[in-house]
Amino acid sequence: MVWKVETRSENETKVLAAKLASKLSGGEVICLLGELGSGKTTFVQGLAEGLGIVAPIVSPTFTLVREYFGRLMLFHVDAYRLSGLSAEDVQQQIGLLDYMERKGVVVIEWADMIAHILPTERLEIIFEHTENGRLINFMPIGEFYESLVERIASERR
Ligand SMILES: Nc1ncnc2c1ncn2[C@@H]1O[C@H](COP(=O)(O)OP(=O)(O)OP(=O)(O)O)[C@@H](O)[C@H]1O
Ligand SMILES: [Mg+2]
């Protein structure tokens, strides 16, 4: 399935992300795709709020991964500068597997830059600019993520 939601403000995007956060139990991989300024970091801020994280979310561009503590741990990755690296080098740079094993929530901006190392099962969220705001496309891959998105979608209908 693909579930599409149009948000008309930064706050609406955060509320949507917080709704997703409330359904997470740790170990999930969430991939955020979409052009500059399309709302990826805003979405992560909402996820963090939803997980009860009080520290401000800043773009991890220069650190590659930032860790936050809340109801669950949140690992915020910016893959923009990892483009073109081998799977081995990416793993060395960001240790994605270790984060998944630590049962935190892994959220990756520009995940398409490291497509070759992503787990097969994951939640992809694609952000697009629209006339009135942003179109947020939830594209779950695998049964677990399908049912996660179904649950959020059915509660919003
Ligand atoms: N509906 C909306 N949802 C999210 N952000 C919105 C919306 N409408 C306007 N905005 C604005 O768009 C900008 C989104 O910036 P944000 O940093 O989240 O994008 P990004 O996708 O992370 O960009 P980058 O690729 O540079 O990391 C913010 O300034 C936000 O206020
Ligand atoms: Mg960003």
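## What to know about the overall build of the protein
Stage number 1. In terms of regular secondary structure, the protein is built from five helices and seven strands.
Stage number 2. Of the regular secondary structure in the protein, the N- to C-terminal order runs β-α-β-α-β-β-α-α-β-β-β-α.
Stage number 3. Rg of the C-alpha trace for the protein: 14 Å, near the compact-globule value of 15 Å for 157 residues, within the 12% margin.
Stage number 4. When contacts within the protein are restricted to residue pairs at least 6 apart in sequence, long-range pairs at least 24 apart make up 64% of them.
Stage number 5. Accessible surface computed for the protein: about 7,700 Å², of which carbon and sulfur atoms make up 50%.
Stage number 6. Computed over 16 positive and 22 negative side-chain charges, the inter-centroid distance for the protein is 6 Å.

## What about the site of ligand 1?
Stage number 1. The full set close to ligand 1 counts 16 residues, and Glu10, Thr13, Lys40, Thr42 and Arg134 are the nearest of them.
Stage number 2. A distance of 3.2 Å is found between an oxygen atom of ligand 1 and a backbone nitrogen or oxygen belonging to Ser38.
Stage number 3. Within the contact set of ligand 1, an oxygen atom lies 2.6 Å away from a side-chain nitrogen or oxygen of Thr42.
Stage number 4. In isolation ligand 1 has 650 Å² of accessible area, and contact with the protein removes 72% of it.
Stage number 5. Top contributing element to the shell around ligand 1 by residue count: helix α2 (residues 40-50), with three residues.

## Structural notes on the environment of Thr130
Stage number 1. Its place among the elements puts Thr130 in the loop between β6 (122-129) and β7 (134-141).
Stage number 2. As for Thr130 and Glu143, which are separated by 13 residues in sequence, their C-alpha atoms are 30 Å apart.
Stage number 3. In this structure Thr130 touches Glu6 and Leu135, once residues within four positions along its chain are discounted.

## Here's the deal with the sheet that holds strand β3 (residues 65-69)
One key point about sheets: their strands pair by backbone hydrogen bonds, in either a parallel or an antiparallel sense.
Stage number 1. Spatially, the seven strands line up as an open sheet ordered β1-β7-β6-β2-β5-β4-β3, and their pairing is mixed. The two strands at the open ends of the sheet, each matched to only one other strand, are β1 (3-7) and β3. The average undirected angle you get between the axes of adjacent strands in this sheet is 20 degrees.
Stage number 2. Judged from the eight bridges that link them, β6 and β7 form a sheet pairing that is antiparallel. Within β7, the position partnered with Glu124 by the bridge is Met139.

## Thoughts on the packing of aromatic side chains
Stage number 1. Scanning the entire structure with this criterion turns up six aromatic pairs.
Stage number 2. With 4.8 Å between their ring centres and 65 degrees between their planes, Tyr80 and Trp110 make a pair best called edge-to-face. Here Tyr80 is found in the loop between β4 (73-78) and α3 (87-94), whereas its partner Trp110 is found in the loop between β5 (105-109) and β6, with 30 residues between them in sequence.
Stage number 3. With relative accessibility at 43%, the residue Tyr80 sits in the partly exposed group.
Stage number 4. Ring centres 4.9 Å apart and planes at 90 degrees place the aromatic pair Phe144 and Tyr145 in the edge-to-face group.
Stage number 5. In textbook terms, an aromatic cluster arises when at least three aromatic residues are bridged by ring pairs, as seen for Trp3, Phe43, Phe127 and Phe138.
Stage number 6. Over the ring of Trp110 we find Lys40; its NZ or CZ atom is 4.3 Å from the centre of that ring.

## Section: unusual backbone geometry
Stage number 1. One non-glycine residue, Lys103, lies in the positive phi region at around 65 degrees.
Stage number 2. With respect to the secondary-structure elements, Lys103 resides in the loop between α4 (96-101) and β5.
Stage number 3. Here Lys103 falls in the exposed class, since its relative accessible area comes to 55%.
Stage number 4. One non-glycine residue, Trp110, adopts positive backbone phi at about 60 degrees.
Stage number 5. The buried category is assigned to Trp110, whose relative accessible area is 14%.

Quick notes on the rules
- Residues numbered from 1 in each chain as written.
- Chains lettered and ligands numbered in written order.
- Predicted model: local features only at pLDDT ≥ 70, side-chain atom pairs only at ≥ 80, totals over all residues.
- Heavy atoms only, no water.
- Helix = DSSP H or I, 4+ residues; strand = E, 2+ residues; numbered from the N terminus.
- Rg over C-alpha atoms; globule rule 2.2 N^0.38 Å.
- Contact = heavy atoms within 4.5 Å.
- Areas by Shrake-Rupley, 256 points an atom, 1.4 Å probe, with all protein chains shown as cover.
- Lys, Arg positive; Asp, Glu negative; His and termini not counted.
- Charge placed at Lys NZ, Arg CZ, Asp CG, Glu CD.
- Near = heavy atom within 4 Å.
- Polar contact = N/O pair within 3.5 Å; in protein donor to acceptor, adjacent residues only side chain to side chain.
- Pairing = 2+ DSSP bridges.
- Axes fitted to C-alpha atoms, helices over the stretch in contact; angles between N-to-C directions.
- Phe/Tyr/Trp six-rings, centres within 6.5 Å; stacked < 30°, edge-to-face > 60°.
- Buried < 20%, exposed > 50% of the residue type's maximum accessible area, 1.4 Å probe, protein only.
- Lys NZ or Arg CZ within 6 Å of the ring centre and 35° of its normal.

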